[in-house]
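# Understanding the architecture of this molecule
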Amino acid sequence: MECPYCKQEMKKGYLKGDGRQKVRWQEEGKKNSLGDKLAGAGLTEAAKYSLGAFQLPGEYCKSCKKLIVDTGITE
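In short, a report on the structure. (Residues numbered from 1 in each chain as written. Predicted model: local features only at pLDDT ≥ 70, side-chain atom pairs only at ≥ 80, totals over all residues. Heavy atoms only, no water.)

Size it by volume and the largest pocket reaches roughly 580 Å³. Those elements that place two or more of their residues in the lining of the largest pocket are strand S1 (11–17), strand S2 (24–27) and strand S4 (66–68). Among the elements that line the lining of the largest pocket, the one with the most residues is S2, at 3 residues. Here the lining of the largest pocket is built from residues that sort into 7 nonpolar, 4 polar and 9 charged. In this model, the second largest pocket occupies a volume close to 270 Å³. Lining the second largest pocket we find 14 residues, and of these Lys16, Gln21, Arg24, Gln26 and Lys37 sit closest to its centre. Classifying every residue of the lining of the second largest pocket gives 2 nonpolar, 5 polar and 7 charged. (1 Å grid on protein atoms, 1.4 Å probe; cavity = no way out; pocket = protein on both sides within 12 Å on 5 of 7 lines; lining within 4 Å. Points joined across faces, edges and corners; volume = space filled by probe spheres on them. Helix = DSSP H or I, 4+ residues; strand = E, 2+ residues; numbered from the N terminus. Nonpolar A, V, L, I, M, F, W, Y, C, P; charged D, E, K, R; others polar.)

Given below as structure tokens:
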């Protein structure tokens, strides 16, 4: 998907959390190594902690740091 803000290619992935650690971004098909976790790679300021495990799919632009998420909210 092309970023609507800067037109760069966006990466598919997930915002993930399990209640024990801060919420972080993980690119689809890749695993965050222990070194990445210790360095703080993928941490987000948008959500600090979760109460339970979750995985939220979205598209992330590394260039402008925007995340696009389909909400599926029922009206």
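So much for the structure itself; the text now carries on.
As a further point, take the side chain of Glu59. Looking at where Glu59 falls in the secondary structure, it is placed in strand S3 (residues 54–61). We note that Glu59 is buried and unpaired, the nearest opposite charge coming from Lys12 at a distance of 4.4 Å. (Buried < 20%, exposed > 50% of the residue type's maximum accessible area, 1.4 Å probe, protein only. Lys, Arg positive; Asp, Glu negative; His and termini not counted. Salt bridge = Lys/Arg side-chain N within 4 Å of Asp/Glu carboxyl O.)

Our focus in this paragraph is the pattern of salt bridges. With the rule as written, the count across this model stands at 1 salt bridge. A salt bridge links Lys30 to Glu27; its shortest N-O distance comes to 3.8 Å.

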